[in-house]
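Take a look at the letters that make up each chain.
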Number of protein chains: 6
Amino acid sequence: MIARLSPLIVEDAVTRALKEDFGDAGDITTAATIPAHATAKAVIAARKPGVIAGVDAAFTAFRLTEGAITVTIENDDGARVQKGDVILSIEGPARGVLSAERVALNFMGHLSGIATATAALVDAVKGTGVKIACTRKTAPGLRAFQKHAVKCGGGHNHRFGLYDAVMIKDNHIAASGGIAKALAAARADVGHMVKIQIEVDGLGQLEEALANGADVVLLDNMAPSDLKRAVEINKNSYGGRAVLEASGNVTIDTVRAIAETGVDVISSGWITHSAPNLDLGLDFIS
Amino acid sequence: MIARLSPLIVEDAVTRALKEDFGDAGDITTAATIPAHATAKAVIAARKPGVIAGVDAAFTAFRLTEGAITVTIENDDGARVQKGDVILSIEGPARGVLSAERVALNFMGHLSGIATATAALVDAVKGTGVKIACTRKTAPGLRAFQKHAVKCGGGHNHRFGLYDAVMIKDNHIAASGGIAKALAAARADVGHMVKIQIEVDGLGQLEEALANGADVVLLDNMAPSDLKRAVEINKNSYGGRAVLEASGNVTIDTVRAIAETGVDVISSGWITHSAPNLDLGLDFIS
Amino acid sequence: MIARLSPLIVEDAVTRALKEDFGDAGDITTAATIPAHATAKAVIAARKPGVIAGVDAAFTAFRLTEGAITVTIENDDGARVQKGDVILSIEGPARGVLSAERVALNFMGHLSGIATATAALVDAVKGTGVKIACTRKTAPGLRAFQKHAVKCGGGHNHRFGLYDAVMIKDNHIAASGGIAKALAAARADVGHMVKIQIEVDGLGQLEEALANGADVVLLDNMAPSDLKRAVEINKNSYGGRAVLEASGNVTIDTVRAIAETGVDVISSGWITHSAPNLDLGLDFIS
Amino acid sequence: MIARLSPLIVEDAVTRALKEDFGDAGDITTAATIPAHATAKAVIAARKPGVIAGVDAAFTAFRLTEGAITVTIENDDGARVQKGDVILSIEGPARGVLSAERVALNFMGHLSGIATATAALVDAVKGTGVKIACTRKTAPGLRAFQKHAVKCGGGHNHRFGLYDAVMIKDNHIAASGGIAKALAAARADVGHMVKIQIEVDGLGQLEEALANGADVVLLDNMAPSDLKRAVEINKNSYGGRAVLEASGNVTIDTVRAIAETGVDVISSGWITHSAPNLDLGLDFIS
Amino acid sequence: MIARLSPLIVEDAVTRALKEDFGDAGDITTAATIPAHATAKAVIAARKPGVIAGVDAAFTAFRLTEGAITVTIENDDGARVQKGDVILSIEGPARGVLSAERVALNFMGHLSGIATATAALVDAVKGTGVKIACTRKTAPGLRAFQKHAVKCGGGHNHRFGLYDAVMIKDNHIAASGGIAKALAAARADVGHMVKIQIEVDGLGQLEEALANGADVVLLDNMAPSDLKRAVEINKNSYGGRAVLEASGNVTIDTVRAIAETGVDVISSGWITHSAPNLDLGLDFIS
Amino acid sequence: MIARLSPLIVEDAVTRALKEDFGDAGDITTAATIPAHATAKAVIAARKPGVIAGVDAAFTAFRLTEGAITVTIENDDGARVQKGDVILSIEGPARGVLSAERVALNFMGHLSGIATATAALVDAVKGTGVKIACTRKTAPGLRAFQKHAVKCGGGHNHRFGLYDAVMIKDNHIAASGGIAKALAAARADVGHMVKIQIEVDGLGQLEEALANGADVVLLDNMAPSDLKRAVEINKNSYGGRAVLEASGNVTIDTVRAIAETGVDVISSGWITHSAPNLDLGLDFIS
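Everything quoted here is computed from the prediction, not taken from an experiment.

**Q** How would you sum up the overall build of chain A? Please name residues and give values.
**A** Check the secondary structure of chain A and you find eleven helices and twelve strands. Oriented by its inertia axes, the alpha-carbon framework of chain A measures out at about 75 × 35 × 25 Å. Looking at the 286 residues of chain A, the share that counts as buried comes to 63%. Pairs at least 24 residues apart make up 72% of the contacts formed inside chain A by residues separated by at least 6 positions. For chain A, the accessible area works out to roughly 9900 Å², and carbon and sulfur atoms hold 49% of it. Between the mean site of the 28 positive side-chain charges and the mean site of the 32 negative ones, chain A shows a separation of 3 Å.

If you want it as structure tokens, here you go:
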């Protein structure tokens, strides 16, 4: 089972979303047209096949809007669903169900879209042992949720921010006076619990990075033939010590070829910044 | 010129995004590898053609990270850019430029993606007089930004939330006892500055909605032939009094035909919930 | 039944008020003088006749202070009470009851004062069909509560802020180049779910506003004879299409005469910014 | 000069008020009708005579809305103004001036109303040496501002909350087993920097309170003759050691008689919870 | 029983601490290694003798992390414990117990350290009637908790901040033109519920302070012989009217001698700003 | 130069501290006794030798209290100072200088205490190449500041929270079914940028941890002879691949002997949770 996000994070984000949707006047349509004591049974179901993420947020949206609503999880985060499959069963005051509907669906549709896109890449590399990872290219303020959705889709998380791992890119290398110096500076400055990654633009830089003890090397936009060579260099000359990550031009069509080069990780910005929503809907049931 | 978002809203969201990326430890890579007094000149430029949105957020990301950075807007919100066009010129302490880069790009890439998707629909209906509008299907916590991006793309905003307009759907109608009762209940309950929209599923319901004074009627998933008939009914029998909005199955391929039916507004959830990022990048210049 | 405010809004404001009253040291009097396990029964009752508003906030003040307190609503928001009528019955730990008392009374006294003032105007125009509406002249940070209190008193809400409707005043007209241009600019810029109001200073401007499609016209400080003429112009020349709102010099003494001119809405700043508290008190019962 | 409120408090409350008024969509009227580069000169002036409070909040409202606006204080907090007197001169982008206008006026009108009401009581007791004080009967979330306004009107602040002084009332006395025990319990429990007040219902209780070392005694709803007797008892038998405060039925008509009994302080809830707004307006000047 | 801190304050601080420890990714160790449905029984016990404070915060840390955890208080705030004594018994989902452990211990260890240090001073002056008080030298953001811990240790609270009592020091005296003027200025400006303290540097200043009605006099860094003389002056010439507080060089070795001079209060910054943690640990029990 | 904390983090914490000290009433002493236009020059200087940390927070405290104050940094974070050395020179409105003094000193005294304690350990192991590291035993809400202070003292940061590295302890091992399983579970679950540490209680467990690829091994409370043996095992049998960290009973007296065993890192909770304040003071200068 995929570990749940902290309820503290979920409540904060859902509260913000509910306030965004309710404003000061609240749900004026429902207040005018739905009797205060009317109750409803409803389901949230998939209208397209996909992988689910965001169940906790949806759950929380209903609970914070109306404490008397009960929500039953039929398909939890990480579940693969078909068109028509029910994800949540909801029962309680009709006003609350309708008022929270859009926020619940916005979280689940967005996050399930990410999980579904991730799963497509994961499926495409099945059997190669490669991990599909996300990046920091996320919607502002929603990173914890999007990173969680990537895990729901079978992917893995890259660093969460600037704070939890070192990633040395071309500008850092230039300012430090080269790969060796940049790696040494990082090693001296950061704590012993921090991994250090460096981005290289070719096999020459790769050798320098490996020789200077990089934990992870990012191979950006390299041809599969070069990636294969990089894997051999790492294995043969450096005991396979470093983790090799490929990125750039990763699509459902290219990912298998990249995976077959033997790299350890393939990262994609697309799965978080451009995955389309998964189509979900809420329907009243009688 | 498109009106700017309130700086209070921009600062809140950008602060949240920066904290999300900095965590408690900050940008440990830059701290280790970039000298404290190094300066940099950089540009944010388009790597694909598109329409820009989010300039204020990017601007604010640099300013809040490092007060000594100056940012010049070369292409403001709403501008149509080609591959290679510079959007922002940035100059100042190199650490700050690098630390704020990702947050700035995440805002601008996401919002420019929405503006670009909106503009594609707007272009497709050019000359018909139809307005392209968004919905409430937005990323939680980012609605004000996404609604603004829609305007940057030449679109118009639908209601912002549950609070600023009435939208009566099937469940509301059923609970109220029919279209006439639902419209009457809404009219009696909400203030005189609030518009009332009702969703209908066919021409029969449309007549009832118009006869009972709906300000706006949502025609969901109707065939173009029915939409055309709806326009005629509104014009011929009700003095064109109501605004007619079409939604459902709106794509770049279908939107022109829908527009040519004569409806006033076409709304799309896709432009906010599923538009891919516009590819932008930051490059140091010497 | 008047729709309740979102619990998210109520909790935020009540939490702020409790923190304001408790500070860091808390209720030092109660801590010193009331045994930790003492319990109490109390009522909040009216000491003057009036209309109740703010029951939810009072309820929440007790609950957030001490979870073990139970509160029973005897007279809910919108109820008309006489001197001595009980509004809430409260039972639980005596410390909590005493510590939350002032915050609960401050909300209810203030909001019931507004409801009572509103109801006096509503009563005065009974039978005319006129709606009494509030304005944006509210206590900073308490608008959602004050607008709710107006509804409790039988009034209606005007726009909630700058964001949910257009209100064109003299400075906007001057800057736009006249009424026709201002209305056209607004119509082109705002979404199709937004109503447009314009303030006019005489019957000439009224004609121009009506001819250019204003949804609502504000007739500020006009004599009843002019208001009557305005109603006729709207009905006879424009099919009664626009909503007419009168404001200025609205008192309990003048409001009936204004209402009898046939305008649709009368708005008053006084009911929110200057209504005196309704006198309520908490008493222990044995 | 009356000490200013902490800018941290002012910014928080003004930010909250501006967000309340701007919502997510901002000032849609001004965006549509006022050119982005138009500038304006305006004044905020009194439309009725009164005492000013809230200048800082108004100032901050303009600054936070639009940094390019300059505000000049013509009449600062505490100033007595006549109809027509200018309080603030404002110059800058017209959009910002118009967007911030209502928030600025809501703060100043409300707080100046309190200052004006306070000043009326202060004037009425001139020469008696009595201090006019406020209570904790304040609008939730605005206590710091209202307490400040009382000082602008020449009044004094009572305790700010439950935390900064002890106030023993009938329920505390009953639960403690009498006045002597309640005072002893408070003295033992609270720090040496905290004053202890006790409310008494007659001269018998007063003697007991004075004999047991109360710092301040609240004489609630006592007739002037009893108040005079209380003053004598305190002076003759207890060296005038305690501060005597009268409350209850304090109006502009009764306050002089109460003051002339020789009490030290007269407190009024009315000046904060029921004072009507002072009428102020913003006008463009050419 | 020592009064509990307001739950609003506790929840805020514990939420902040939990977010600080969880970040966006949460407890990644526990998620990977502890089965989701595993349960645990554990105790928090003392590993050194001391006085307990912070039980509420620990309790809240477990509850906010995982609602299904039950916590039983075996030794409440203020209890004196020996090595091995159990303070809290905890039972529930193992993940939650482990995830909340550090935050719970950080609060309790820190606050119990303060209570223990306070109690050592309190014990040392036993029988003298002197009160041990803290200062405003506290860890930023934790003052309410540290002041509470002082009370758990048998100490008393000095003023909580700049806002709840006057403390006139040398710079204030100099700027006011002397002790008499400073005291007069303070008396005129602050409300009747506020105590006024003044710091003096010798017996001459003490006399002036007493003659001008100071409520409390701070005798900083005076030799015991001078303190004794100060006590006599206050008693013999001023009826013992002022409270005398000694500070400066207060240690477990010096405090008894200071207490025996007859001062009323001895204040120490050390008990809040430098008390070492009390060693507590969480152990699973089978 | 030690990298500065993000200004966003500093402003948040300093704002919280200032509000904690100002409350709603503000600095009532200064308001009463210091003329509004008085100016002051002051210094913050060391009263004991030590290492400085927290200069940014102090700087920010003055700036947020009174924008017109200028602060010059004479000894920045990380500087070793002697008694009497000036750290900050301050000039501006006297009220602001006095009002912000305590918050500025509370941050700097607390953080410099941590830096000073850290430096003492760092000095004691000089020449051994061992890094001194902190733990998560920090004051709630102040972790970023305390971790920064450790760096100012020449120490290194351990993981910042539960989120940025894996730390497997006895309970995790037991629940997972042993060291090998726990390490495998962690490796499979966490991303490729995350380091994995495991705590072992003896040399047998150490071998198992090394054989299963732990990145870092925590050797808790082991005798120096065992630590030396652990270093040899890691070097001789595992290529020195893992980082070895010793903890437990680390004092200024024991740390050198631990360091000389050859471990890579020594961690101490004491330097954050129990370091006494560094004595600093603010003095006006003429």
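**Q** Tell me about the packing of aromatic side chains, and name the residues and values.
**A** For the structure on display, the rule yields nine aromatic pairs over all chains. Taking 5.5 Å as the distance between ring centres and 45 degrees as the angle between the ring planes, the aromatic pair formed by Phe107 of chain A and Phe145 of chain A counts as tilted. On the criterion of sequence distance, the pair formed by Phe107 of chain A in helix H4 (residues 94-124) and Phe145 of chain A in helix H5 (residues 143-152) is long-range, its members being 38 residues apart. The pair Phe107 of chain A / Phe145 of chain A is uniform in exposure class, with both members buried. Where Tyr163 of chain B meets Tyr163 of chain C, the ring centres are 5.9 Å apart and the plane angle is 80 degrees; that geometry is what we call edge-to-face. One end of the pair, Tyr163 of chain B, is in the loop between helix H5 (143-152) and strand S7 (166-168); the other, Tyr163 of chain C, is in the loop between helix H5 (143-152) and strand S7 (166-168), on a second chain. Side by side, Tyr163 of chain B and Tyr163 of chain C carry an identical accessibility label, which is buried. Sitting over the ring of Phe160 of chain D, Lys147 of chain D keeps its end group 5.2 Å from the ring centre.

**Q** Quick one: what's the story with the interface of chain B and chain A, residue by residue and with numbers?
**A** Contacts between chain B and chain A engage 56 residues on the former and 56 residues on the latter. Overall, the association of chain B and chain A removes approximately 4600 Å² of surface from exposure, summing both partners, and the carbon and sulfur fraction of that is 59%. Among the residues of chain B in contact with chain A, Glu20, Pro140 and Leu162 of chain B are the three that bury the most area, contributing 16% of the side total. In this structure, the connection of chain B to chain A is made through 28 residue pairs in polar contact (both at pLDDT 80 or more). Examining the composition of the side of chain B that touches chain A, we find that six residues originate from one element, helix H2 (residues 28-33) of chain B, more than from any other. Its residues assigned to classes, the side of chain B that touches chain A shows 29 nonpolar, 16 polar and eleven charged.

**Q** Tell me about the relation of the copies chain A and chain C, and please be specific about residues and values.
**A** With an RMSD of 0.0 Å, the operation that places chain A on chain C is a rotation of 120 degrees combined with a shift of 0.0 Å along the axis. Such a combination of rotation and displacement between the chain copies is what one expects of a three-fold axis. Distance from the rotation axis, computed per C-alpha, reaches its smallest value in chain A at Asp12 of chain A: 7.4 Å.

**Q** An account of the sheet that holds strand S3 (residues 70-73) of chain E is requested, with residue identities and associated values reported.
**A** Residues and elements named next belong to chain E. Ordered in space as S3-S5-S1-S12, the four strands form an open sheet in which the pairing is antiparallel. Each of the sheet's edge strands pairs with one partner strand only, and the pair in question is S3 and strand S12 (280-285). Shown here is a sheet whose adjacent strand axes are inclined to one another by a mean of 20 degrees, direction ignored. As paired elements, strand S1 (residues 39-46) and S12 share six bridges and run antiparallel to each other. Bridge pairing links Ile44 to Leu282 in S12. Each of S1, strand S5 (86-93) and S12 is contacted by helix H4 (residues 94-124), which is oriented at about 155 degrees to S12, the strand it contacts most.

**Q** Outline the side chain of Thr272 of chain D, listing residues and values.
**A** Residue and element names in this part refer to chain D. Secondary-structure assignment places Thr272 in helix H11 (residues 270-273). A polar contact is formed between the side chain of Thr272 and the backbone oxygen of Lys137, at a distance of 2.7 Å. Non-local contacts of Thr272, meaning those with residues more than four positions away in its chain, are made with Ile114, Cys134, Thr135, Lys137, Thr138, Gln146 and Val150.

**Q** Which residues make up H5 of chain A, and what are the values?
**A** All names here are of chain A. Of all ten residues making up H5, nine are buried, and the element is well covered by its neighbours. Buried within H5 we find Arg143, Ala144, Phe145, Gln146, Lys147, His148, Ala149, Val150 and Cys152. Downstream of H5 by a residue or two, Gly154 has a phi angle that is positive, lying close to 95 degrees.

**Q** Could you give an account of the relation of the copies chain B and chain A, naming the residues involved and the relevant values?
**A** Overlay of chain B on chain A (RMSD 0.0 Å): rotation 180 degrees, translation along the axis 0.0 Å. The transformation relating the two chain copies, once decomposed into turn and shift, fits a two-fold axis. By residue overlap, the copies meet face to face through one surface: 100% of the interface positions of chain B are interface positions in chain A.

**Q** Can you break down the environment of Leu64 of chain D residue by residue, with the values?
**A** Tracing the backbone shows Leu64 of chain D in helix H3 (residues 55-65). Setting aside chain neighbours within four positions, we find Leu64 of chain D in contact with Pro7 and Leu8 of chain B together with Glu11, Val14, Thr15 and Leu18 of chain D.

**Q** Describe the pairing of strand S10 (residues 243-247) of chain B, naming the residues involved and giving the relevant values.
**A** Residues and elements named next belong to chain B. With respect to burial, S10 is a largely interior element, five of its five residues being buried. Residues of S10 alternate between two faces, with Val243, Glu245 and Ser247 on one and Leu244 and Ala246 on the opposite face, all of them buried. Both strand S9 (residues 216-220) and S10 contribute to a ladder of five bridges, which runs parallel. Bridging across to S10, Leu219 finds its partner in Ala246.

**Q** Please give an account of the domain arrangement of chain A that cites residues and values.
**A** Residue and element names in this part refer to chain A. Domain assignment breaks chain A into domain 1 (7-122 + 276-285) and domain 2 (124-273). Each of domain 1 and domain 2 has a C-alpha centre, and these two points are 35 Å apart. When domain 1 packs against domain 2, the two sides together hide about 1700 Å² of surface, and 74% of this comes from carbon and sulfur. If you sort the residues of domain 1 by the area they bury against domain 2, Ile114, Leu121 and Val122 come out on top, with a joint share of 39%. In this structure, the connection of domain 1 to domain 2 is made through zero salt bridges. Counting across the domain 1 and domain 2 interface gives nine residue pairs in polar contact (both at pLDDT 80 or more). Elements with a contribution of two residues or more to the side of domain 1 that touches domain 2: helix H1 (7-22) and H4. At eleven residues, the largest contribution of residues to the side of domain 1 that touches domain 2 is made by H4. By residue class, the composition of the side of domain 1 that touches domain 2 is 17 nonpolar, three polar and one charged.

**Q** Explain the pattern of salt bridges residue by residue, including any values.
**A** Evaluation of the coordinates by the stated rule reveals 66 salt bridges over all chains. Asp123 of chain A is the salt-bridge partner of Arg80 of chain A, the closest N and O atoms lying 2.9 Å from each other. Separated by 43 residues along the polypeptide, Arg80 of chain A in strand S4 (residues 80-81) and Asp123 of chain A in helix H4 bring together distant segments of the chain. Across the salt bridge formed by Arg47 of chain C and Asp283 of chain C, the nearest N and O atoms sit 3.1 Å from each other. Placement of the pair is Arg47 of chain C in the loop between strand S1 (39-46) and strand S2 (50-51) and Asp283 of chain C in strand S12 (residues 280-285), with a sequence separation of 236 residues. For Asp283 of chain C, a relative accessible area of 33% gives the class partly exposed. Where salt bridges share partners, they join Arg4, Asp56 and Asp76 of chain A into one cluster.

**Q** Kindly report on the interface of chain A and chain C, identifying the contributing residues and their values.
**A** Contact with chain A, which involves twelve residues of that partner, is made by twelve residues of chain C. Counting the surface lost from both chain A and chain C, the interface buries some 880 Å², and carbon and sulfur atoms represent 67% of this. Taken together, chain A and chain C are joined by one salt bridge. Between Asp12 of chain C and Lys19 of chain A there is a salt bridge, with the nearest N and O atoms lying 2.4 Å from each other. If you list the elements that add at least two residues to the side of chain A that touches chain C, you get H1 and helix H3 (55-65) of chain A. Top contributing element to the side of chain A that touches chain C by residue count: H1 of chain A, with four residues. A breakdown of the residues in the side of chain A that touches chain C according to their chemical character gives six nonpolar, three polar and three charged.

Cut-offs used in this document
- Residues numbered from 1 in each chain as written.
- Chains lettered and ligands numbered in written order.
- Predicted model: local features only at pLDDT ≥ 70, side-chain atom pairs only at ≥ 80, totals over all residues.
- Heavy atoms only, no water.
- Helix = DSSP H or I, 4+ residues; strand = E, 2+ residues; numbered from the N terminus.
- Buried < 20%, exposed > 50% of the residue type's maximum accessible area, 1.4 Å probe, protein only.
- Contact = heavy atoms within 4.5 Å.
- Areas by Shrake-Rupley, 256 points an atom, 1.4 Å probe, with all protein chains shown as cover.
- Lys, Arg positive; Asp, Glu negative; His and termini not counted.
- Charge placed at Lys NZ, Arg CZ, Asp CG, Glu CD.
- Phe/Tyr/Trp six-rings, centres within 6.5 Å; stacked < 30°, edge-to-face > 60°.
- Lys NZ or Arg CZ within 6 Å of the ring centre and 35° of its normal.
- Buried area = accessible area lost by both parts, 1.4 Å probe.
- Polar contact = N/O pair within 3.5 Å; in protein donor to acceptor, adjacent residues only side chain to side chain.
- Nonpolar A, V, L, I, M, F, W, Y, C, P; charged D, E, K, R; others polar.
- Least-squares fit on C-alpha atoms with pLDDT ≥ 70 in both.
- Pairing = 2+ DSSP bridges.
- Axes fitted to C-alpha atoms, helices over the stretch in contact; angles between N-to-C directions.
- Domains from an automatic or database assignment.
- Salt bridge = Lys/Arg side-chain N within 4 Å of Asp/Glu carboxyl O.

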